[in-house]
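Summary of the model geometry
Each chain, written out:
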Amino acid sequence: MPVREGTATVLTCALAAVLVLAGCSPAPPPATAPAKAPAKASATPAARPQEGRAGPHRAPARIPGVGPRTQARIPGGTTQALVVSGEGVDADVAVAALYERDPAGRWRRTAGPWTGHNALRGWTENHVAGDLRSPIGVFRIGDAGGRLPDPGARVPYDQDEEFALSGTGFLGEPLEGSFDYVVAIDYNRVPGTTPLNKERPLGPERGGGVWIHVDHGGPTQACVSLPRENMTELLRALDPAREPVVVMGPAEVLAG
């Protein structure tokens, strides 16, 4: 099967807010000359622009909905992040949006929001095989594949019939076509390999095979799913040069 090499980067980035203080000048010394008639009041000077504040069209220095602790886990070289936010710790519906950081360090939403699913029982910070929960965290994404031909992805893409799937989901919905397009999430896997790679660096008991894939209309085992048209949009948007990651978990955790 064709496999192209991806790039993995693990760095840490901390962001700080900017506080601008206005200075004051000392009062002038007392005048020694006789007092003169009051001078005519001058026109009010034009107000100075306030520094350090975002203008009406200026993007924030932190991804909306992502708190400082979560933001600090995003590698310093990353300028593209897919944020998948769950409705609650035990919820299986999630909303995803793609953000990009400009050279000034400001994050802007470039795609989404898209509504999809996560695992049947919600989310966990200690994922193990079979718990039916999606792992919480910040993970690299950069290896893709699927049963169907490459839709124009810039990340390495592995087309293979092994991505074919059958059967039914937790709600009785058909699973066929769910793996037509997938993006591997670097949770307990070897970066830079096909999503089909079954090596588990943390051991099989910690689970694996956590992907972003085509939504089948119901909750997943541990993956994140997005509507088919959004999966192809995501595949075309992901840029290896931007060192993309997925930031995933319930909204209240990501806000921390």
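See above for the structure.
A short tour of the structure in this document, coming up.

We now examine the overall build of the protein chain. Across its full length, the protein chain carries 3 helices and 11 strands. Reading the protein chain from its N terminus to its C terminus gives the helix and strand order α-β-β-β-β-β-β-β-β-β-β-α-β-α. Of the contacts made within the protein chain by residues no fewer than 6 positions apart, 66% connect residues no fewer than 24 positions apart. Surface accessibility of the protein chain: about 13,900 Å² in total, with carbon and sulfur atoms responsible for 56%.

Attention shifts here to the environment of Gly256. Here Gly256 shows up in the segment after helix 3 (251-254). The buried category is assigned to Gly256, whose relative accessible area is 18%. Sequence separation between Gly256 and Pro68 is 188 residues, and the spatial gap between their C-alpha atoms is 6.4 Å. Discounting chain neighbours no more than four positions away, the residues touching Gly256 are Gly67, Pro68, Arg69 and Thr70.

Moving on to the nonpolar core. Counting 32 residues, the largest nonpolar core has Leu82, Val84, Ile185 and Ile212 as the members making the most contacts within it. The contact partners of Leu82, leaving out residues within four places of it in the chain, are Ala96, Ala97, Leu98, Trp114, Ile141, Ile212, Leu234, Val245, Val246 and Val247. Within the second largest apolar cluster, 12 residues are counted, among which are Ile63, Val83, Val247 and Leu254.

Here the focus is the packing of aromatic side chains. Inspection of every chain in the model, using the stated rule, returns 3 aromatic pairs. Both rings, one in Phe139 and one in Tyr187, keep their centres 6.0 Å apart while their planes meet at 90°; by these two values the pair is edge-to-face. With Phe139 in strand 6 (residues 137-146) and Tyr187 in the loop between strand 8 (182-185) and strand 9 (211-214), this residue pair connects regions lying 48 residues apart in the sequence. Summarising the aromatic geometry, the rings of Phe163 and Trp211 are spaced 5.7 Å apart at their centres and angled 55° between planes, so their arrangement reads as tilted. One end of the pair, Phe163, is in the loop between strand 7 (157-159) and strand 8; the other, Trp211, is in strand 9, with 48 residues separating them in the sequence. Here the aromatic residues Phe163, Phe179 and Trp211 are joined through ring pairs into a cluster of three or more.

Next up on the list: unusual backbone geometry. Of note, the amide linkage connecting Gly112 to Pro113 takes the cis form, showing an omega dihedral of 5°. Tracing the sequence through the fold places Pro113 in strand 3 (residues 107-117). Although it is not a glycine, Asn188 sits at a positive phi angle of roughly 50°. Asn188 sits in the buried class, given a relative accessible area of 5%. The backbone of Glu243 shows a phi angle near 50°, a positive value even though the residue is not glycine. Within the secondary structure layout, Glu243 lies in the loop between helix 2 (228-237) and strand 11 (245-250). Among the residues examined, Glu243 registers a relative accessible area of 24% and is labelled partly exposed.

What counts, and at which threshold
- Residues numbered from 1 in each chain as written.
- Predicted model: local features only at pLDDT ≥ 70, side-chain atom pairs only at ≥ 80, totals over all residues.
- Heavy atoms only, no water.
- Helix = DSSP H or I, 4+ residues; strand = E, 2+ residues; numbered from the N terminus.
- Contact = heavy atoms within 4.5 Å.
- Areas by Shrake-Rupley, 256 points an atom, 1.4 Å probe, with all protein chains shown as cover.
- Buried < 20%, exposed > 50% of the residue type's maximum accessible area, 1.4 Å probe, protein only.
- Core = buried A, V, L, I, M, F, W, Y, C linked by side-chain atoms within 4.5 Å.
- Phe/Tyr/Trp six-rings, centres within 6.5 Å; stacked < 30°, edge-to-face > 60°.

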